[in-house]
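Structural features, examined
This is what each chain is made of:
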Amino acid sequence: MNAPVRVRFAPSPTGFLHIGGVRTALFNYLFARKHDGKFLLRIEDTDTDRSEQRFTDDILSSLQWLGMGADEPILYQSQRLPVYQALADDLISKGLAYRCTCTEAEVEAAREQMIKDGKKPMYARTCRDKNHPAGKGPFAIRAKFPLQGQTGFTDMIRGEISFPNEDLDDFVMIRSNGVPTYNFVVVVDDVEMKISHVIRGDDHINNTPKQIFLYEALGAPKPLFAHLPMILGQDKKKLSKRNGETSTNAYRDQGYLPEALLNFLVRLGWSHGDQELFSFEEMIALFNLENVQVSGAMFNTEKLLWIAGEHMKKADPARLIGILKTDFKGAFSGVSLEALESGYARSLIPHLQPKVKLVSELAAQLDPLLDPGLRVVDSSALKWNKDETQKARIKEAIGALKSAFDSKIAQAGSASLSECGVDHSAVDGALRSLCETHGLKLGDLTQPMRLFVTGHPAASIGLFDLLPLMPWKTASIRLEACLKA
RNA sequence: GUCCCCAUCGUCUAGAGGCCUAGGACAUUGCCUUUUCACGGCAGUAACCGGGGUUCGACUCCCCGUGGGGACGCCA
């Protein structure tokens, strides 16, 4: 009964894919999946001056990273120029468009006059009834709007919206250089691609009546429209290429998991009761246009970070290792890529996941832990520096612990403490009893040990968890350095 | 300026006339926990833009005002 759902994301390759674009793509993608429809991609590269291949590449790779690939081959508008031209000529012959020979200066002058007169600036319709013949150029082709009546539509999110026709500009469909413009091609291609629902930013509301006119002129069925609220920057202004560009790949480089970015974005303008956290699958199952918000939403990095942490906890360790190896290999110094694959690395990650939000942080934590050698640390801030006798006592205790573990390792011929049965609580117990015999507080002992063994001033893993897992060879080297400090 | 859209805590939002002394989340504040970091737990501060209607009853419906945003390109 209903036409199959076919939606599209149609960016122009004039900049890197930004966050607002991702949100639009996401809502389209979710809508398509939810309704067993198709999610299509179209590259709107009719602005020959500003379109660049590298931006197309960026958009495509970013979407791939986010897991939102197109279901059919991508359509490039620059490859369809003859189609647009033929259609425009046809519209002229039907009296629905006309050739315009006005120069930019003339158009501009008329516009300024209108602003002075307190009217909406638009083309003065000078050539509207002049019937310029096809042969003489150069000329642009403009749409010939009706002068009376109203053009409206029912927005799926906002309801009825309508505009007086007299306010509709006879916009340029084809430039004098033969290249068509956005408002024309968007309709031609949405018809061509059999798009059932146009889901886009609400900055396009004003374009919609122009496009509706074109659907009618072309004799094509109209899609349903849904206009999404804008994502606002910190200044409460539209977040766009021209205002605080936030490119998607910047988030990948910072270490955000794609599902975290998507989760944050889906909650910008959409809600499902009180639920904050969604897996990609849940978004698909739960998404609907009914619960899309109408007013703009400010981009809030703090919440994004929190969401990132929540998704980090749930991420599959093997997958994290893969991301580390491909996107963050530069974060490791003195650590081989093989070390990332080791059982040791694998055993560390679940301990780090609850305490870290970004993959980059995970890398920073892992780097000193995986390094087989000594990591030089700055111990000047250690409390023990204030009291030499106390310091000696602490070292004595640490030395005792080390030799106890040394012999345990030697006896069993093991590579790590966990291999010879020493676990979290064993380390805990050993340290506590040491404290008692040496008259120390637990923190006195653990503070320097933590610093030297982790090799990181703000290590996120607990010492009791780390000690059993770390290759004893590495731990010894570091404990030795601690004793000499 | 003209046209269009919008309006609940600082931010993202719940709320489809009585369930609201307005709920959740982030942030923030305090406390607790703790291997002084991080994580976690508990508690707190904090909002219906204003004015008129409609109604027995408005955060919810209507109108006006105000405020904010968007569009006014031979950009998309």
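For the structure itself, look to the data block above.
Here we summarise the structure given alongside this text.

What counts, and where the lines are drawn
Residues numbered from 1 in each chain as written. Chains lettered and ligands numbered in written order. Predicted model: local features only at pLDDT ≥ 70, side-chain atom pairs only at ≥ 80, totals over all residues. Heavy atoms only, no water. Axes fitted to C-alpha atoms, helices over the stretch in contact; angles between N-to-C directions. Helix = DSSP H or I, 4+ residues; strand = E, 2+ residues; numbered from the N terminus. Parallel < 35°, antiparallel > 145°, perpendicular 65-115°, else oblique. Left-handed = near helix turned anticlockwise from the far one by under 90°. Contact = heavy atoms within 4.5 Å. Nonpolar A, V, L, I, M, F, W, Y, C, P; charged D, E, K, R; others polar. 1 Å grid on protein atoms, 1.4 Å probe; cavity = no way out; pocket = protein on both sides within 12 Å on 5 of 7 lines; lining within 4 Å. Points joined across faces, edges and corners; volume = space filled by probe spheres on them. Near = heavy atom within 4 Å. Expected span 1.5 Å × (residues − 1). Buried < 20%, exposed > 50% of the residue type's maximum accessible area, 1.4 Å probe, protein only. Arc of directions from axis to C-beta.

1. Quick word on the packing of helix α15 (residues 388-412) against helix α16 (residues 424-438)
- Two elements in contact, α15 and α16, have axes separated by 10 Å at closest approach and are oriented at 140°. In terms of their interaxial angle, α15 and α16 are classed as oblique. When the axes of α15 and α16 are compared, the crossing they make is right-handed. For the pair formed by α15 and α16, the contact residues are R393, E396, A397, A400, L401 and F405 on the first element and A430, L431, L434 and H438 on the second.
- In terms of residue class, the contact of α15 with α16 is built from seven nonpolar, one polar and two charged.

2. What to know about empty space enclosed by the protein
- Inspection of every chain in the model, using the stated rule, returns one cavity of 30 Å³ or more.
- Here the largest cavity defines a volume of roughly 40 Å³.
- In this structure, the largest cavity is lined by W65, R252, Y256, L257, P258, I323, D327, F328 and V359.
- Per-class residue counts for the lining of the largest cavity are seven nonpolar, no polar and two charged.

3. Re the packing of helix α13 (residues 343-352) against helix α14 (residues 359-370)
- At a minimum axis distance of 11 Å, the contact between α13 and α14 shows a crossing angle of 135°. On the basis of their axis angle, the class for α13 and α14 is oblique. As for the relative orientation of α13 and α14, their crossing is right-handed in sense. Across the interface between the two elements, Y344, A345, L348, I349 and L352 from α13 touch L362, Q365, L366, L369 and L370 from α14.

4. Some thoughts on the protein's contact with RNA strand B
- Around RNA strand B, the surrounding shell holds 63 residues, and the nearest of these are D47, R111, R175, Q447 and F464.
- Taken together, the sugar and phosphate atoms account for 70% of what RNA strand B places within 4 Å of the protein.
- Elements that contribute at least two residues to the surface near RNA strand B include exactly β7 (159-164), α5 (182-192), β12 (297-298), α10 (301-314), α16, α17 (442-454) and α18 (463-469).
- No other element matches α17, which puts five residues into the surface near RNA strand B.
- Tallied by class, the residues present in the surface near RNA strand B amount to 17 nonpolar, 21 polar and 25 charged.

5. A short note on α16
- In this model α16 runs 21 Å from its N-terminal to its C-terminal C-alpha over 15 residues, within 8% of the 21 Å that 1.5 Å per residue would give.
- Here α16 has its buried residues at V427, D428, L431, L434, C435 and H438. The arc that holds the buried residues of α16, viewed along the axis, is 135°, so those residues lie on one side. For α16, exposure combined with an orientation more than 90 degrees from the buried face picks out E436 and T437.
- As for α16, its buried residues are in contact with α15, α17 and α18.

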